[in-house]
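# Topology and contacts: notes
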Amino acid sequence: MTETQHGTRGEARPAAPRPSPAPGAGGTARARRRSSTRIGPKLGRFSLFALPGLLAYVVFVLIPIGMTGYYSFTNRNPFNPPTKWVGLRNYGDLLGDQEFRQALVNTVIITVIVAVFANVGGLLIAMLLDRPTRLYVALRAIFFTPVVLSAVVISVIWQAVLTDDGLLNSLLRGIGVDDPPGWLSDPDLALYSIAWIITWQMLGFCVVVYLAGLQGVPRELQEAASIDGAGRFARFRNVTWPMLAPALTINTVMLLITGFKAYDQIQVITNGGPGAGTTSTMAFQVVQTAFNGNHIGYSSAMAAVMLALVATVSVVTLRLLQRREVTQ
Amino acid sequence: MDDRTHSWLRPLVAVFVGAAFFLPLYLVVVNVFKPGAEIVPHPAALPLPPTLDNVDAVLSRPDNLFTFGLINSIAVTALSITILTVLSAMLGHYLARSKRVLAKVAMVTLLCGLMIPVPVILEPITGVLKTLGLMTTLQGLILVNVGYYVPFGVLLFMGFVRSVPLELEEAAELDGASKLRVFWQVVFPLLRPASASVLIFLGVWIWNDFLTPLILLGPDSGTTVTVGVYRAIGQHQSDFGAVFAFMFLATLPILVFYLALQKNFVKGLTGGAVKG
Amino acid sequence: MRRSIVFCLVTTLAVAGCGVGEKPAATPASGGKVELSFLVFETPNLNAAFWDAAIARASAKVPGVTIKKLVTPNVDRTGYAKQLDASGHLPDILQSVNPAGFAEAGKLAAFTDDELKNFIAPKAGAVDGKVYQLPYNTQVIPVVYYNKDAFEKAGITETPKTYQDLLDVSAKLKAKGVTPFVVGGGGADTWADMYPLTGTVATDVYAKTPDFLTQRKDGKVKFADADFTKAAQKVADLAKQGYIDPAGLSRSYADTEQAFRDGKGAMYPMGSWFATSADNSKPDFEVGAFPWPSDDGTPVTPTFTGGGTSVSASAPNVELAKKWALAFDEDKENNDAFVKLDGSIPAIKGYTPPADMGPVYQATVAIYQQGMKDNSIVNAFSQETGDGSLPPGLADKSALGVQDLITGKKTAGEFASYLDDQWTKATQ
């Protein structure tokens, strides 16, 4: 317990030593931010505020990433020592690796589907539920419940629903569909079923965020527009939608995070199948290669490519966030 | 208005969509209270009369998989999110206020961390923990949680700190309060909604995480309830009653936690952003 | 505010304290004894009570050992053992973990010939001639279990003797609207789709070239060669004719067995462990068993021998751990329990199964004993361990490939070259 005690008690202690202000800090502030020029130099002392959080991140995320980067240039395999430096060979092999390419494409497909459908569905449902009565409040809770559940639990539930003799198909047979689709056994469908399951889980999150956004739209604005004779759609486009931009950003960021990380559902429901790699994602491929094939070196190269991709997406997302701040 | 002409339509559609959405969850809830033999032939039927056998079976397991898992889960989750809230509030505050290039770099680096799936860096993480002598300890797991989830906390707090007027802090400082006092007594209380969001989100994620505790705690240091769910699935593949009861019990605490904090939660999430 | 945070911390620390404190209390270490960790897996048959009793019996024979039982999170104990090893916590004793990789890397202790003197096949699963996992039992993989009622209703009076017979039987069943084969492989249990292929590889490849995988390793043969491709073609054809229902690809292992019990197919090619499951909880119909037939009816009996206990080379007391492992695997009552609960066929000299075993188990053992008599024992493809087995990860890849074979996404030729590619990747 000493480690954690130390980490937190240090912060709460008022008499903690402070580093002297860093020279040149805050010197770039512009005129319109006059207040920050005043407080700027003092902020150097605040680095004590930043340190513990950053330290944890560096030790448990950045260093492991660095190690991954290093491994990616070796043939590291704990079951086949010794580890040798192989230069760029792993990356060369990746270029021709059909399976990895498929995993990458699958990840992008899942992410895009989840991002689009959870956003659109979430907005529609939020508009449907944007009423203050009890019925709608209760419904909101229902939509949010899956967000609180673990991916393992959700996977077990949906597996029971979507297998060929599962609940959905017995329902379909009941209404006269003779040959219902194999949601999880058809190699052309399984990926979309997985994407749907993730969408279902995230839908409630989007609903809640959009509801908050909708409730932030001033009634007067709506009414003014309607007096001006604006139709329903025009009112939505010109009044409501712009006000929802921040909600859209939050949802999209969350959905991207969820989509890129897709792993648990694959592990529990499909194991990457049916067939070779039809539902394999990047995260799944990395883990399989590392723990099933023992090729840590090669899996690290995959991880590095994935991280580069993630970094790109993150920077773009950051731009979006900043643009939002400018317009607000 | 249009609302009146379609007054019957909205609730009807809402209830229908809600019911369709809820169906998979309904399956779990009814089958928790149904005798095991009834589940496969009548999965969708109401549990009449309801039975607590499945729940009892989970609670009275001879290996205490649920009870021990629950204790560990509560300890890990509570400690992780408390530390995370404090650290990411401070870091988020710093990054939101600082104009230094280094702060910008730190921000981008943190954001990248948001989208890294744990499994991808799990192997080197075990290396780091081994070096620190923290492998298979709750402390190790908690520290890894803190490092891994700090970016998300920072993201939420940063957005919110910007909505706190700088003048407030300056005024407090002119009164002679130290930076720390200003932060704890002026800024942090104002960040309460964001704290609620961070607590809920990270609470849910850490509670539900299964791969990290599975690997980092190992088999001999006990498990968490979510790892327990995974194990229960393996053992009782055909006994859905036991699996569903385990899932139900494992989810209950975090659901209650969410319901307790939900009012603040949305406000914190959308923070300064939705205010416009 | 600060006070409430401090309060929060104190409470959570207190909670964490008792969370940590719970475990030593649960597994007391008694003085003067060596504590060894033992990794087991739990299934509906081999549940916690079974392991506890079996461990107690072995410990009674080996004084000075306290066993700390560890349980895998799912049946993939080899995968979990690898993860544990990667984090530096390989358990001291491991149950039914594939020693491939562990053995070569020197992580397991080899058993001496003397230690193995009570085993029928003391060299089964050897790695470079050394045995790292006790070959305590034999499994016939696959046996074709069939629904006697469905056969009768389709007017089938005799079990198939040749592969053509098997096809004829399938055609008759199909004509009656019964799916001939139940084959699984859904969810995380992709491996459950391997059994027809294991059968055809035995009859069409291993019968002629018993050391096919060793030759593959030496580069003398390829999967894309005619024999193996033909074996794959047979499975593809079964699926194409509608004899295998692709619905199985969404069924987990447990669901697959349930599907056979529910009469969703008439034949269930499965490992011999299904026998006791059929005896212990009888389906609504009589279950029969016959071996997977070859083209000309020559008997071929694919089996796997091994699957027992291994000992980590870094156990605190390797000699004692080995002694305990031997006691565990040779104990008569333990083997009776394995027989009764998991349908195992113990490969221990002088062992005879309990007399009251059910008809399906008897029929299964008869197939094995006939195989011994005919001298028709070959390996079971993808189940092998030790020398002449698939490289790490390849069994999983094959199972995924078989799914493609069944859905028709890959032809037999494509499947074979896919395996060749995967072999290259896995061994580079």
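Keep in mind it's a predicted model, so treat the numbers as computed, not measured. (Residues numbered from 1 in each chain as written. Chains lettered and ligands numbered in written order. Predicted model: local features only at pLDDT ≥ 70, side-chain atom pairs only at ≥ 80, totals over all residues.)

## A short note on the overall build of chain C
Within chain C one finds 15 helices and 11 strands. Along the first, second and third principal axes, the C-alpha set of chain C runs to 75 × 65 × 50 Å. Within chain C, the proportion of its 428 residues that are buried is 56%. Across chain C, contacts joining residues at least 24 apart in sequence account for 78% of those joining residues at least 6 apart. (Helix = DSSP H or I, 4+ residues; strand = E, 2+ residues; numbered from the N terminus. Buried ≥ 20, exposed ≤ 12 C-beta atoms within 10 Å, placed from the backbone. Contact = placed C-beta atoms within 7 Å.)

## Description of the overall build of chain B
Assigned secondary structure in chain B consists of 14 helices and 0 strands. Helices (α) and strands (β) of chain B occur, in sequence order from the N terminus, as α-α-α-α-α-α-α-α-α-α-α-α-α-α. Structurally, chain B occupies a C-alpha span of about 70 × 65 × 30 Å along its principal axes. Residue burial in chain B is summarised as follows: out of 276 residues, 59% are buried. When contacts within chain B are restricted to residue pairs at least 6 apart in sequence, those whose partners lie at least 24 apart make up 77%.

## Quick word on unusual backbone geometry
Residue and element names in this part refer to chain C. The amide bond that connects isoleucine 141 to the next residue, proline 142, takes the cis arrangement and shows omega of 0 degrees. Phi is positive for aspartate 128, which is not a glycine, with a value near 50 degrees. Residue position: aspartate 128 is located in the loop between strand E3 (93–95) and strand E4 (137–140). Phi at asparagine 375 is positive, roughly 60 degrees, even though this residue is not glycine. Take asparagine 375: it is sitting in the loop between helix H13 (359–374) and strand E11 (377–379). On the basis of neighbour count, asparagine 375 is assigned to the exposed category, with 8 C-beta atoms found within 10 Å.

## Some thoughts on the interface of chain C and chain A
Each side of the interface is counted separately: chain C has 35 residues, and chain A has 27 residues. Sorting the residues of the side of chain C that touches chain A by element identifies helix H1 (2–26), helix H3 (77–86), helix H14 (394–407) and helix H15 (412–427) of chain C as the ones contributing at least two each. Residue contributions to the side of chain C that touches chain A peak at 7 residues, all from H1(C). By residue class, the composition of the side of chain C that touches chain A is 15 nonpolar, 12 polar and 8 charged. (Nonpolar A, V, L, I, M, F, W, Y, C, P; charged D, E, K, R; others polar.)

## Here we look at helix H10 (residues 179–190) of chain B
Two residues of an α-helix separated by three or four positions point the same way, owing to the 3.6 residues in each turn. All names here are of chain B. The terminal C-alpha atoms of H10, which comprises 12 residues, lie 16 Å apart, in line with the 16 Å expected from a rise of 1.5 Å per residue. Those residues of H10 not exposed but buried are Leu180, Phe183, Trp184, Val187 and Phe188. The arc that holds the buried residues of H10, viewed along the axis, is 130 degrees, so those residues lie on one side. (Expected span 1.5 Å × (residues − 1). Arc of directions from axis to C-beta.)

## Some words on the domain arrangement of chain C
Residues and elements named next belong to chain C. Under the domain assignment, chain C is made up of domain 1 (32–138 + 306–359) and domain 2 (140–303 + 371–427). A C-alpha centroid distance of 28 Å is found between domain 1 and domain 2. The interface of domain 1 with domain 2 comprises 19 residues on the first partner and 13 residues on the second. Counting residues per element, the side of domain 1 that touches domain 2 draws most heavily on helix H12 (residues 332–342), at 3 residues. For the side of domain 1 that touches domain 2, the class distribution of residues is 7 nonpolar, 9 polar and 3 charged. (Domains from an automatic or database assignment.)

## Description of the sheet that holds E3(C)
Strands belonging to one sheet form pairs held by backbone hydrogen bonds; the direction of such a pair is parallel or antiparallel. All names here are of chain C. Taken in spatial order, the 4 strands line up as E2-E1-E3-E9 in an open sheet, and their pairing is mixed. Pairing within the sheet leaves two strands with one partner each, and these edge strands are strand E2 (65–71) and strand E9 (309–311). Within this sheet the neighbouring strands show an average axis-to-axis angle of 25 degrees, counted without direction. As paired elements, strand E1 (residues 34–40) and E3 share 2 bridges and run parallel to each other. Looking at E3, one finds that leucine 39 is bridged to leucine 94. (Pairing = 2+ DSSP bridges. Axes fitted to C-alpha atoms, helices over the stretch in contact; angles between N-to-C directions.)

## Quick look at the UniProt feature "transmembrane region" (unreviewed entry) in chain B
Residue and element names in this part refer to chain B. The sites that UniProt annotates as "transmembrane region" (unreviewed entry) are residues 12–33, 65–89, 101–122, 142–161, 182–207 and 240–261. Structurally, residues 12–33 comprises 95% helix and 0% strand, and the distance from its first C-alpha atom to its last is 29 Å. In residues 182–207, the share of helix is 96% and the share of strand is 0%. The end C-alpha atoms are 33 Å apart. (UniProt positions renumbered as here; feature names shortened; annotations may be inferred.)

## Thoughts on the sheet that holds E11(C)
All names here are of chain C. Spatial strand order, E10-E4-E8-E11: 4 strands in an open sheet with mixed pairing. Edge strands, defined here as strands with exactly one partner in the open sheet, are strand E10 (345–346) and E11. Bridge count for E4 against strand E8 (residues 301–306) is 4 bridges, and the pairing is antiparallel. Note on E8: the bridge partner recorded for valine 140 is threonine 303.

## Some words on the domain arrangement of chain B
All names here are of chain B. Taken domain by domain, chain B holds domain 1 (2–51) and domain 2 (57–275). Counting residues at the interface gives 6 residues for domain 1, matched by 7 residues for domain 2. Mapped onto the side of domain 1 that touches domain 2, the elements with two or more residues apiece are helix H2 (9–32) and helix H3 (36–39). If one sorts the elements of the side of domain 1 that touches domain 2 by residue count, H2 sits on top with 3 residues. The class makeup of the residues in the side of domain 1 that touches domain 2 is 3 nonpolar, 2 polar and 1 charged.

## Quick word on the packing of helix H5 (residues 65–97) of chain B against helix H8 (residues 138–161) of chain B
Residues and elements named next belong to chain B. Orientation of H5 relative to H8, taken along the N-to-C sense of each, is 40 degrees, at an axis distance of 6 Å. When the axes of H5 and H8 are compared, the pair comes out oblique. As for the relative orientation of H5 and H8, their crossing is right-handed in sense. A per-class count over the contact of H5 with H8 returns 20 nonpolar, 8 polar and no charged. (Parallel < 35°, antiparallel > 145°, perpendicular 65-115°, else oblique. Left-handed = near helix turned anticlockwise from the far one by under 90°.)

## A few points about the nonpolar core
Ranked by size, the top nonpolar core spans 186 residues in total, and within it A:Val207, B:Leu91, B:Val229, B:Phe246 and B:Met247 carry the most contacts. Per-element tally for this core: the top contributor is H5(B), with 19 residues. Viewed by domain, this core spans two of them, domain 1 (2–51) and domain 2 (57–275) of chain B, each represented by three or more residues. Excluding residues within four positions of it along the chain, B:Leu91 makes contact with A:Phe49, A:Ala50, A:Gly53, A:Leu54, B:Val150 and B:Val154. In terms of nonpolar packing, the next biggest core, distinct from the first, is built from 76 residues, C:Val205, C:Ala380, C:Ala395 and C:Leu400 among them. (Core = buried A, V, L, I, M, F, W, Y, C linked by C-beta atoms within 7 Å.)

## Focus: the pairing of strand E5 (residues 143–147) of chain C
Residues and elements named next belong to chain C. Most of E5 is tucked away: 5 of the 5 residues are buried. By the alternation rule, side chains of E5 split into Val143, Tyr145 and Asn147 and Val144 and Tyr146, which are all buried. As judged from the 4 bridges shared by E5 and strand E6 (residues 267–270), these two strands associate in the antiparallel manner. Bridged to tyrosine 145 within E6 is tyrosine 268.

## Description of the confidence of the model for chain B
Across chain B, pLDDT averages 82, with 90% of residues at or above 70. Least confident of the elements in chain B is helix H1 (residues 2–5) of chain B, whose mean pLDDT is 51; most confident is H5(B), at 91. (pLDDT = per-residue confidence, 0-100.)

## Observations concerning the packing of helix H6 (residues 101–114) of chain B against H8(B)
Two measures define how a pair of helices packs: the angle their axes make with one another and the distance between the axes. All names here are of chain B. With their axes 8 Å apart at the nearest point, H6 and H8 run at an angle of 120 degrees to one another. Taken together, the axes of H6 and H8 are oblique relative to one another. Of the two possible hands of crossing, H6 and H8 adopt the one that is left-handed. In contact with Leu110, Leu111, Gly113 and Leu114 of H6, H8 contributes Pro151, Phe152, Val154 and Leu155.

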